[in-house]
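Secondary and tertiary structure notes
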Amino acid sequence: MKQNFSIVGKPVIREDGYEKVTGQAKFADDYKFLNQLYGVMVRVPAAHALIKSIDYSALKNLQSKIFIFDSNDVPGEKKIGLIKRDQPVFCYDKIVTPGDVVAMLVGEDEDELRLLARKVKIEFEQLPVLSDPTKALDKNAPLIHPEFGTNLIVHYPLRKGDIEKGFAKSESILEETYTTPHVEHAYLEPECVTAIPLEGNKGIRILGSIQNPFSARKMVALALNWPLTKVRIEQAELGGSFGGKDDIMCVLSARAAIAALKTNRPVKIKYTREESILESYKRHPYIMHYKVGYNRDGKIKAMKIDILADGGAYASMTPYVTWRTVVQATGPYEIENVWTDVRGVYTNNPYTGAMRGFGSPQPIFAQESIMDEIAIRLEMTPDEIRGINGYHAGSITASGQKLEKHDVNLLSVIGTAVDKTNFRSRWIENKNKNIIKIPTHKIKNKPSISSLILKKDEFIEPSNLLRKGIGLAASFRGCSLGAEGIDAAASYISVQPDGSVYLLCGLAENGQGMRTTYCIIASEVLGISPENIFYLEHETKIIPDSGPTVASRSTIMGGASVKIAAETIRERLENLLYLKWNIPPHENLIFKNNFVYSESDSQKKISFPELCSLAYGQAINLAALGWYPGPKVHWDEVHGQGPAYFTYVYGCQVAEVTVNIGTGEVYVDKVTAVHDPGRVINLLGAQGQVYGGVTQGAGYALWEEVDKHEGFVRELNFDQYLIPTSKEIGEIVPIFLEGEDIYGPWGGKSLGEPTLELTAAAINNAIRNAVGERFYNLPINLEEVLLKRKLRPEDLTRGSS
Amino acid sequence: MINFILNNKTISTDSPLGITLLDFIRKEEHLTGTKEGCREGDCGACTILIGDLIDNKVKYKSANSCLMPLGDVDGKHVVTIEGINQDELTPVQEALVDEGGTQCGFCTPGFVVSLTGYFLTHEAINPIEAIDSMNGNICRCTGYAGIKRAAIKSTSLFNGLKRISTEDLVNKKFLPDYFLEIPKRLIELQKLRDKSKSGNGLPDKRVLVSGGTDLYVQKWESLIDEDLFFISDVNELKGISIEDNRIKIGGATTVSEIENSPILQQYFPNLKNDLRLFGSIPIRNRATIGGNIVNASPIGDLTNILLALNSTLHLTNGKSKREIFLKDFYKGYKTLDKLEDEIIAAVSFRIPRENSFFNFEKVSKRTYLDIASVNSSMYLELSDGIIVEVHISAGGVAPIPLYLARTREFLLNKNISDEVISDAAEIATSEISPISDARGSAEYKTLLLRQLILAHFIKLFPELIDIGELV
Ligand SMILES: Cc1cc2nc3c(=O)[nH]c(=O)nc-3n(C[C@H](O)[C@H](O)[C@H](O)COP(=O)(O)OP(=O)(O)OC[C@H]3O[C@@H](n4cnc5c(N)ncnc54)[C@H](O)[C@@H]3O)c2cc1C
Ligand code: FES
Ligand code: FES
């Protein structure tokens, strides 16, 4: 089904490009309001403690007026949360992680407030700290939220076939453990929000770096005990989010709103980088045990998976994140017998929630590493083993879903990636060359320094120091929310008499460029240029709740709703023309280049503005609301079976690395990323997603880690939390293989997250290829490569060794 | 009261001189294109350009406004994104839009300023350097591909042009035309400059600020109301010269000035390359040699290099002077053999003799824009194959920047042989006392130092060493 598009699929520059390169785009902290106050947080220097008393006496008799807010000032629910209401707006009886806030000081001078915050005396009693998630379910483990009676946030089982029989029938069994760390989103803009009380009982306006305005609205309304209508959330230009400006912004919005209403003045909360990293949630660390039964012919017979996710102090998105994990944990492989358990638990660590990838990068790291290990044991190449087991049309997934109604392009993306990189022969060549092992040293509990010195026979020749490796990883990914949430999106379009157009979707721009995507979709339908479209600011009061902007659902859900809205208008205009030109309905009318004409009679032609003016004159409604409810999905909680997502995308990335085995440094030379995102709407935007996602994925592979020591975070700023600079990553080559689908705008699906989820696994496989050793723990930093241990004072739970 | 030009506007302000330029720009001038992402020089969202009058010409450099005290811009031209904007997009801006160089856009003004700054600071343009000029800017969204393409595209406008001038940049719309008037305006402005700042005698009891790249990371809040003494413009403390067979570097000389010094390039041809691993360009534009030494961080790169050159510090309190070996300067973790009123006027070391060798090694978690896990430098003189002089330093393996005295003793008067090198590395690892921290465990650092000592010899004397024998 080849379609002739005028603009879809072409590289289109961003509609907000001008504002961004001139620095005129207004981010949350760029707004300033008359009489604005600042809010600064008061915290307890502990990870788990009972709050005995808070003494504000040091704030008395100050020259400047300071307002104090704590839990007593919360008029509505004291605890909020998008899935589970376990996160206090202000902590009152206890704190459960170092980021927790017990009070907020509000006043005119932010710097002064920061000094004063340190003077608030909090009497507290330390409780035992639970930092190791593997101990969370022990009988004597301290309970993080005693009211739940357990530290278990969620447990998802998945049962398919007969696992014991499956192993019994397998010729070989491989068992391995992999771990991944806490990861910070590291959006470049720290959190900022201002709450502005509206005069005349009109409620409150909240303007901030908010990823999901509707979520924030719900939480603020809950904390204020107000109807949703009185809480107006407006999104400022968002300086990156990657899933990270959700729960944290709900809490900050609630705090700001409470203070603004009490003081009757605008209150701004603006986080420093340190506070941002301290309090905001992270990517879940996973501990993943995989047991795989397979036969000599490469066929995988059985897979048993046990995954533990550290949810940290609050549930946040843990129930949804881990659900995606249970659906996708086997990877894109058809396996008869699967037994999976995924658990999320509370600890005193920073809480964990949504982050680009959302429960997929972790299992992909484990499962794609294991696939390579099996291939190596069977003397196959990585693409061979995937070819034997990979999904194709009609395959049945681990949850028993038949893959149909879309191109199941897994084997094509793998094939393309392999061909484009000459993968096979290079993989084999490296493997044969790199047989010398890295000299590693067993480090005993109390190492004597001298025993660590390389022995003479372990010295490596300089010419042999740099090793080349190539590795691949593949995945399938369910689009949008799946059975984890209510899935629908709305768009509003209003065509003006002069042919210019207002457009707004209920999903929010997070920097990924989806406003541009929506403009392209509306332009394509109406045959106009994207420049004629004026994209409105996202505000909860003018567009229906479309759920959160997560799960790479902007294009497939939001895009589909834009298309419906635009098509509604187009239909009305067409009907008008059928009458006007006296042609039979359903004769093809072409909307192109700002004109509308009849396919059969090019004399019948009218410019788009003229047509709009005509329609307006005839009292035709030129505004429409597009509503796209996601197709039905279903999940059986007991057996973990059901059609989890209504459609899937497929991807394969090949990483090429150089490893310095003298120092442990890994250089990423090139990543080739082949993705089937369905229809590509904006080529420039799609490529941008790949470059950005792969780079983040490389950071995940090699450097990024928030190290929590007894719940405390050490990497509080970018000097310690290292994300890739422009010099770190070599070439990234995006390749798109557009599969057909019946859902989404012209089959446009998802890309944002698939680009990130594969990279760490591909890099790990490339390192394995380079040095002949498998690494089980992310990040694979210098010390991991050289000594098989982490750059940290003590080893926490680690993977296989 | 200080006076400076902010973009096209002359500013006279009584604001505290210790506040950061970033806060002044955003909070007092309400120019919000300059962003705050980390407040410690690591993200580049706050990048601005500073133009200073040197020999009646304005020389620009990029800097992190979050680490720059307001007091340091007296008599200068400060350029933010707003000062680059024109009615139409500049070629740099247009290239960034066209090539997909912006997504969320929070980092973007910083990139525009860095890249525009590149054209303003280089007469000969090449794409690789243009990309390099953004090494202090971090972007979390774009993966840099579009940004790099934009840099290449904007350099292409100068293909074939040998030298570019401010006029060229104005003609090609890289800069607004008010830039042409800046030299004249700065000359007028500098007449107002507070003369007491420069030179003769040191004012008492003031906090000394050089580049501020350590001070403002560590404690910017407490500096706001301090009585600060800015030395980055004190001419007596700047410059690189040869005196009495010694190379002398003024205490307020920046890393960039060291990188580009013809004298140092002559004697240490690799130094420029080595220093590319020091921070980022805007950091190097501000970071000074005196700051690096006095900050006493065990992994200071310049200190590490200077230790291996067996440098002497020239201290002064304005009245009396004193000299001390750098290796004797460090008494313990961040404790120095320095009186409160003493400043480092200069550092000097002997010109390398004939048949001498120098090498610097640095390993960090992230290759660029990261401080070392371990660093090491070695200077060595040979005479008839015998080591007649040698100094080796080791950073990140002790509470102080370490001079490896016993390793030196061992190596003196020996032939370079596999045996000797291997033993030297072993001795080096016995001189250190590393701790486990975010940069690596003690064990890893020990291992790394040994590798770096071996690396010095392998790099400098590949022909003398039979690796086969060494193993
Ligand atoms: C992002 C970033 C990256 C960095 N990367 C590196 C790196 O790769 N390698 C590295 O070594 N360092 C690095 N640094 C640290 C820092 O840039 C250097 O230590 C720098 O040389 C400090 O110089 P300064 O002029 O900025 O010092 P300042 O901050 O101005 O001063 C530091 C201290 O020295 C005192 N002082 C300064 N000059 C004198 C003088 N002449 N006499 C007496 N006292 C003096 C000051 O009073 C103050 O106590 C980095 C810093 C940042 C923010
Ligand atoms: S704010 Fe990050 S470098 Fe200045
Ligand atoms: S575009 Fe978002 S940080 Fe660069």
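Counting starts from 1 at the beginning of each chain's written sequence and moves along it residue by residue. As a convention, the first chain written is A and the first ligand written is 1, with the rest following in written order. Since the coordinates come from a predicted model, pLDDT governs what is reported: local features require at least 70, and pairs of side-chain atoms require 80 or more to be given and counted, while whole-chain, interface and lining totals use all residues.

A tally of helices and strands in chain A yields 18 helices and 30 strands. We take the radius of gyration over the C-alpha atoms and set the globule estimate at 2.2 Å times the residue count to the 0.38 power. Radius of gyration (C-alpha) of chain A: 28 Å, near the 28 Å computed for a compact globule of 801 residues. Projected onto its principal axes, the C-alpha coordinates of chain A cover approximately 90 × 75 × 50 Å. Exposure classification rests on a simple neighbour count of other C-beta atoms within 10 Å of a residue's own: a residue reaching 20 or more is buried, one at 12 or fewer is exposed, and one in between is partly exposed. C-beta atoms are placed from the backbone. Looking at chain A as a whole, 61% of its 801 residues qualify as buried. Counting from the N terminus, the helices are the DSSP runs of H or I reaching at least four residues and the strands are the DSSP runs of E reaching at least two.

To continue, consider the overall build of chain B. Helices and strands together make up the secondary structure of chain B, namely 18 helices and 18 strands. In summary, chain B has a C-alpha radius of gyration of 23 Å against a globular reference of 23 Å for 471 residues, a match within 12%. In terms of its C-alpha atoms, chain B occupies a principal-axis envelope of roughly 70 × 55 × 40 Å. Burial analysis of chain B (471 residues in total) assigns 55% to the buried set. Any residue pair is listed as a contact if its two C-beta atoms, each placed from the backbone, are within 7 Å. For chain B, contacts bridging at least 24 residues in sequence account for 65% of all contacts bridging at least 6.

Contacts between chain A and chain B engage 69 residues on the former and 68 residues on the latter. Elements represented by at least two residues in the side of chain A that touches chain B include exactly α1 (17–21), α15 (683–702) and α18 (782–787) of chain A. Any residue outside Ala, Val, Leu, Ile, Met, Phe, Trp, Tyr, Cys, Pro, Asp, Glu, Lys and Arg is labelled polar, Gly included; the first ten of those are nonpolar and the last four are charged. Tallied by class, residues from the side of chain A that touches chain B come to 30 nonpolar, 21 polar and 18 charged.

So, on to the sheet that holds strand β16 (residues 300–312) of chain A. All names here are of chain A. When DSSP finds two or more bridges between two strands, those strands count as paired. The strand order β9-β17-β16-β15-β10 describes an open sheet built from five strands, whose pairing is mixed. Two strands in the sheet have a free side with no partner beyond their single neighbour: β9 (152–160) and β10 (172–179). Pairs of neighbouring strands in the sheet enclose a mean axial angle of 5 degrees, with direction left out of account. Where β16 lies against strand β17 (residues 337–346), 10 bridges are found, and the strand directions are parallel. Of the residues in β17, the one forming a bridge with Ile305 is Thr340. On top of the sheet, helix α8 (residues 361–377) reaches β10, β15 (286–294) and β16; it is set at about 30 degrees to β15, its chief contact. Angles run from 0 to 180 degrees between N-to-C directions of axes, and those axes are lines fitted to C-alpha atoms, restricted for helices to the stretch in contact.

Once that is clear, we can look at the domain arrangement of chain B. Bear in mind that the domain bounds are from an automatic or database domain assignment. Each domain of chain B was delimited in the assignment, giving domain 1 (2–190), domain 2 (207–350) and domain 3 (356–470). Of note, the centres of domain 1 of chain B and domain 3 of chain B, computed from C-alpha atoms alone, are 40 Å apart.

All names here are of chain B. Put plainly, near means the residue's C-beta atom, positioned from the backbone, lies within 6 Å of the molecule or strand in question. Close to ligand 1 lie 31 residues; Gly41, Gly211, Gly290, Gly291 and Asn292 are nearest. Looking at the shell around ligand 1, the elements with two or more residues in it are β6 (207–209), α8 (215–223), α12 (281–286), α13 (289–295), α14 (301–308) and β14 (343–350). Broken down by element, the shell around ligand 1 gets its largest block of residues, five residues, from α13. Here the shell around ligand 1 is composed, by residue class, of 13 nonpolar, 13 polar and five charged.

All right, on to the sheet that holds β14(B) then. Residues and elements named next belong to chain B. Strand order in the open sheet formed by five strands is β8-β9-β14-β10-β11, and the pairing between neighbours is antiparallel. Because the sheet does not close on itself, it has two edges, and the strands there are β8 (240–243) and β11 (321–325). Across the sheet, the mean angle separating the axes of adjacent strands is 25 degrees when strand polarity is ignored. Sheet topology note: the strand β10 (residues 312–316)/β11 ladder contains five bridges and is antiparallel. Within the sheet, the bridge partner assigned to Leu313 lies in β11 and is Ile324.

As a further point, take α15(A). One less than the number of residues in a helix, times 1.5 Å, gives the span that helix is expected to have. Helix length check: α15(A) (20 residues) gives 29 Å between terminal C-alpha atoms against 28 Å at 1.5 Å per residue, within 8%. The element α15(A) is extensively covered by neighbouring structure, given that 18 of its 20 residues are classed as buried.

Next up on the list: the nonpolar core. Nonpolar side chains in soluble globular proteins generally cluster together in the buried interior. Residues and elements named next belong to chain A. Here a nonpolar core is just a set of buried residues of the types Ala, Val, Leu, Ile, Met, Phe, Trp, Tyr and Cys, joined wherever their C-beta atoms sit within 7 Å. Ile206 and Ala522 are the most contacted members of the largest nonpolar core, which totals 387 residues. For this core, the element with the most residues is helix α5 (residues 247–263), which contributes 11 residues. Look past the residues within four positions of Ile206 in its chain and what remains in contact with it is Val193, Ala195, Ala216, Val220, Val231, Arg232, Ile233, Glu234, Ser253, Ala256 and Ala257.

Residues and elements named next belong to chain B. Among the five residues that make up strand β1 (residues 2–6), four are buried, leaving the element largely enclosed by the rest of the structure. Pairing of β1 with strand β2 (residues 9–13), which is carried by five bridges, proceeds in the antiparallel orientation. Bridge pairing in β2 links Ile2 to Thr13. Between β1 and β2, which pair antiparallel in sequence order, lie two residues; one of them, Asn7, sits at a positive phi of approximately 55 degrees. Two elements, β1 and strand β5 (residues 77–79), share two bridges in a ladder whose sense is parallel. Looking at the pairing, Leu6 lines up with Val78 of β5.

Let us look at the environment of Val413(A). Position of Val413(A) relative to the elements: it lies in helix α10 (residues 410–421). Residues Val413(A) and Val694(A), spaced 281 residues apart in sequence, show a C-alpha to C-alpha distance of 16 Å.

Residue and element names in this part refer to chain A. Residue Leu778 is joined to Pro779 through a cis peptide bond whose omega torsion reads -10 degrees. Along the polypeptide, Pro779 turns up in the loop between α17 (759–771) and α18. Despite not being glycine, Glu379 shows a phi value in the positive range, around 55 degrees. Mapping Glu379 onto the fold places it in the loop between α8 and α9 (382–389).

Turning our attention to the environment of Gln328(A). Residues and elements named next belong to chain A. Tracing the backbone through its elements, the reader meets Gln328 in helix α7 (residues 318–328). You can call Gln328 buried: it has 25 C-beta atoms within 10 Å. Setting aside its immediate chain neighbours within four residues, Gln328 contacts Ser360, Pro363, Phe476, Arg477 and Gly478.

Residue and element names in this part refer to chain B. Direction vectors running N to C along helix α2 (residues 91–98) and helix α5 (residues 145–155) enclose 140 degrees, while the axes themselves pass 8 Å from each other. With respect to their mutual orientation, α2 and α5 come out oblique. Of the two elements, α2 crosses α5, and the hand of that crossing is right-handed. The segment α2 lies against α5, with Pro91, Val92, Ala95 and Leu96 engaging Ile147, Ala150, Lys153 and Ser154. The scheme is simple: roughly parallel for angles under 35 degrees, roughly antiparallel for over 145, roughly perpendicular for 65 to 115, oblique for anything else. By definition, any crossing whose near helix is turned counterclockwise from its far helix by less than a right angle is left-handed, and any crossing with a clockwise turn is right-handed.

Turning to the domain arrangement of chain A, a few remarks are in order. All names here are of chain A. Structurally, chain A comprises domain 1 (31–127 + 191–270), domain 2 (361–481 + 642–787) and domain 3 (488–629). Of note, the centres of domain 1 and domain 2, computed from C-alpha atoms alone, are 40 Å apart. Residues of the side of domain 1 that touches domain 2, tallied by class, amount to two nonpolar, two polar and no charged.

Residue and element names in this part refer to chain A. A residue-level look at chain A finds 94% of positions with pLDDT of 70 or above and a mean pLDDT of 93. What pLDDT conveys is the predictor's confidence in a given residue, as a value from 0 to 100. pLDDT under 50 marks residues 438–459. Its contacts with residues more than four places away, or in other chains, come to 31 contacts. In the model, residues 792–797 has pLDDT below 50 throughout and makes nine contacts with residues more than four positions away in sequence or in other chains.

We now examine the environment of Phe33(A). Residue and element names in this part refer to chain A. In this fold, Phe33 is placed in the loop between α1 and β1 (37–43). A sequence separation of 42 residues divides Phe33 from Pro75, and the C-alpha atoms of the two residues are 25 Å apart. In contact with Phe33, other than residues within four places in its own chain, are Thr194, Ile196 and Pro266.

All names here are of chain B. Within helix α7 (residues 182–190), the full set of buried residues consists of Ile182, Leu186 and Leu189. What you see down the axis of α7 is that its buried residues fit within an arc of 60 degrees, all on one side. Facing away from the buried side of α7 by over 90 degrees, the exposed positions are Lys184 and Glu188. Of the surrounding elements, those touching the buried residues of α7 are β1, β3 (47–54), β4 (57–64) and β5. Directions pointing from the helix axis toward each C-beta atom define the arc.

Okay, the packing of α15(A) against α17(A) next. Residues and elements named next belong to chain A. α17 packs onto α15 with a crossing angle of 55 degrees between their chain directions and a minimal axis gap of 7 Å. As summarised for this structure, α15 and α17 are arranged oblique, according to the angle between their axes. Judged by the sense of rotation from one axis to the other, the crossing of α15 with α17 is right-handed. Along its contact with α15, which presents Val694, Gly697, Ala698, Tyr700 and Ala701, the element α17 presents Thr759, Ala760, Ile763 and Asn764. Class assignment for the residues of the contact of α15 with α17 results in six nonpolar, three polar and no charged.

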